[in-house]
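One letter stands for each residue in the lines below.
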Amino acid sequence: MKKTFKILACVMTLALVALVFASCGAKTETLTMATNAEFPPYEYHEGDAIVGIDAEIAQLIADKLGMELVIEDVDFNSIIPGVQAGKYDMGMAGMTVTDERLESVDFSTSYATGVQVVIIKEGSEIQTLDDIAGKKIGVQIATTGSIYAADDYGKDDDGNDNGNVIEFENGAVAVQALLNGKVDCVIIDNEPAKKYVEANEGLAILETEYVTEDYAICFAKNNTELKDKVDAALKELIADGSVQKVVDKYIAA
Ligand code: ARG
């Protein structure tokens, strides 16, 4: 009787050990996405969670690939260096594909279009793009809006920085500076612009659009294996309407 019990205990212990090992082996691979979650409706905080179009599309991609999505909220300008260094598997942050960035990272298929627009205070002197020259312009650090604004409005006749383009940590802070009168306008992507205008009294968006661009996911240049997998999943999700469904959930047609 005692012996039977011992054997039983042994078998059970072995079974337990096997179970632990099995579950270890089955541990799903993680897909770490770097983003900057101050960019509604693409990524923003809702309580403890990071939600938005990018977060949901990334989740669909991870599900398709049987991977576990981990989202890291970092400064926008540390996304590309972090991806290059292999700290994050990919960067997804309403990020525009540009020739300059293509020198540092690879991009997936584009999944959305962005337009750089200009937010002003209602009744502002700025009514068209022509009125921007000489005014103080708030931008999000290291974004395309910042780069274009610096090229078009940030230089004096000798090509030196004229101090008119002021970079802020993120869009929310730039919009705060507009509300406080520290800048005269903010150049930022259209969908976040709409959210900021909705959330604050007395702001408006200029009718004229500044620059149109494509959003895509970035990867380290040597990580073509992951890029190809993610790209294939993303293409399927675009083709079967899943991406559009996510977009429609966050952006009213
Ligand atoms: N589309 C712009 C860019 O690529 C701005 C993106 C900012 N994204 C963010 N999550 N803060 O530069």
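Note that this is a predicted model, so its numbers are computed, not measured.

Definitions and limits used
- Residues numbered from 1 in each chain as written.
- Predicted model: local features only at pLDDT ≥ 70, side-chain atom pairs only at ≥ 80, totals over all residues.
- Heavy atoms only, no water.
- Helix = DSSP H or I, 4+ residues; strand = E, 2+ residues; numbered from the N terminus.
- Buried < 20%, exposed > 50% of the residue type's maximum accessible area, 1.4 Å probe, protein only.
- Contact = heavy atoms within 4.5 Å.
- Areas by Shrake-Rupley, 256 points an atom, 1.4 Å probe, with all protein chains shown as cover.
- Axes fitted to C-alpha atoms, helices over the stretch in contact; angles between N-to-C directions.
- Parallel < 35°, antiparallel > 145°, perpendicular 65-115°, else oblique.
- Left-handed = near helix turned anticlockwise from the far one by under 90°.
- Nonpolar A, V, L, I, M, F, W, Y, C, P; charged D, E, K, R; others polar.
- Near = heavy atom within 4 Å.
- Polar contact = N/O pair within 3.5 Å; in protein donor to acceptor, adjacent residues only side chain to side chain.
- Pairing = 2+ DSSP bridges.
- Phe/Tyr/Trp six-rings, centres within 6.5 Å; stacked < 30°, edge-to-face > 60°.

A. Local environment of the overall build of the protein chain. Looking only at helices and strands, one finds nine helices and 14 strands in the protein chain. Out of the 253 residues belonging to the protein chain, those deemed buried represent 44%. Partitioning the intrachain contacts of the protein chain with sequence separation of at least 6 by distance along the chain shows that 75% fall at a separation of at least 24. Counting only carbon and sulfur atoms, one obtains 53% of the accessible surface of the protein chain, whose full area is about 13,300 Å².

B. Expanded view of the packing of helix H2 (residues 53-65) against helix H8 (residues 224-239). Taken N-terminus to C-terminus, the directions of H2 and H8 make an angle of 110°; their axes are 9 Å apart at the nearest point. Taken together, the axes of H2 and H8 lie roughly perpendicular to each other. Like other packed secondary-structure pairs, H2 and H8 cross with a definite hand, here right-handed. On H8, the residues touching Ile-57, Leu-60, Ile-61, Lys-64 and Leu-65 of H2 are Lys-229, Val-230, Ala-233, Leu-234, Glu-236 and Leu-237. Among the residues forming the contact of H2 with H8, the class breakdown is eight nonpolar, no polar and three charged.

C. The site of the ligand, seen in detail. Taken together, 15 residues sit near the ligand, with Ala-93, Thr-96, Arg-101, Thr-144 and Asp-189 positioned nearest. Side-chain polar atom of Glu-43 to a nitrogen atom of the ligand: 3.0 Å apart, as the coordinates give it. Residue Thr-144 places a main-chain N or O atom 2.8 Å away from an oxygen atom belonging to the ligand. Protein contacts shield 100% of the accessible area of the ligand, which totals 350 Å² for the unbound molecule.

D. Layout of the pairing of strand S11 (residues 185-189). Of all five residues making up S11, five are buried, and the element is well covered by its neighbours. Where strand S8 (residues 112-121) lies against S11, five bridges are found, and the strand directions are antiparallel. Each residue of the ladder has a partner; that of Val-118, found in S11, is Ile-187. The sheet contact formed by strand S9 (residues 137-140) and S11 spans three bridges and is parallel. Residue Ile-137 lies in a different strand from S11, and its bridge partner there is Cys-185.

E. View of unusual backbone geometry. In this chain, Pro-40 is followed by Pro-41 through a cis amide linkage whose omega measures 0°. Topologically, Pro-41 is positioned in the loop between strand S2 (38-39) and strand S3 (43-46). Residue Ala-142 is not a glycine yet carries a positive backbone phi of 65°. Note on placement: Ala-142 falls in the loop between S9 and helix H5 (144-153). Residue classification places Ala-142 among the partly exposed residues on the basis of a relative accessible area of 29%.

F. Representation of the sheet that holds S2 in the model. Across the sheet, three strands lie side by side as S2-S3-S4; this open sheet has antiparallel pairing. Strands at the two margins of the open sheet, each flanked by one partner only, are S2 and strand S4 (49-51). As defined by bridge partners, S2 adjoins S3 across two bridges and the pair is classed as antiparallel. Bridge pairing links Phe-39 to Glu-43 in S3.

G. Summary view of the packing of H2 against helix H9 (residues 242-250). With their axes 9 Å apart at the nearest point, H2 and H9 run at an angle of 155° to one another. Of the possible angle classes, the one that applies to H2 and H9 is roughly antiparallel. Read as a crossing pair, H2 and H9 show a hand that is right-handed. Of H9, the residues touching H2 (which contributes Ile-53, Glu-56, Ile-57 and Leu-60) are Ser-242, Val-243, Val-246, Val-247, Lys-249 and Tyr-250.

H. Layout of the side chain of Ser-242. With respect to the element layout, Ser-242 can be found in helix H9. Residues in contact with Ser-242, not counting those within four places in the same chain, are Leu-60 and Leu-237.

I. Layout of the packing of aromatic side chains. Scanning all chains against the criterion turns up five aromatic pairs. Ring centres of Tyr-148 and Tyr-210 lie 6.3 Å apart, and the angle between their planes is 80°; on these two criteria the pair is classed as edge-to-face. Taken as a pair, Tyr-148 in helix H5 and Tyr-210 in the loop between strand S12 (203-205) and strand S13 (211-215) lie far apart in primary sequence, 62 residues in all. Looking at Tyr-148, the relative accessible area reads 21%, which means it is partly exposed. We classify Tyr-210 as buried; its relative accessible area is 14%. Taking the centre distance of 6.1 Å and the plane angle of 35° together, the rings of Tyr-153 and Tyr-210 count as tilted.

It is worth stressing that arrangement in space is one thing and function is another; only the former is reported here.
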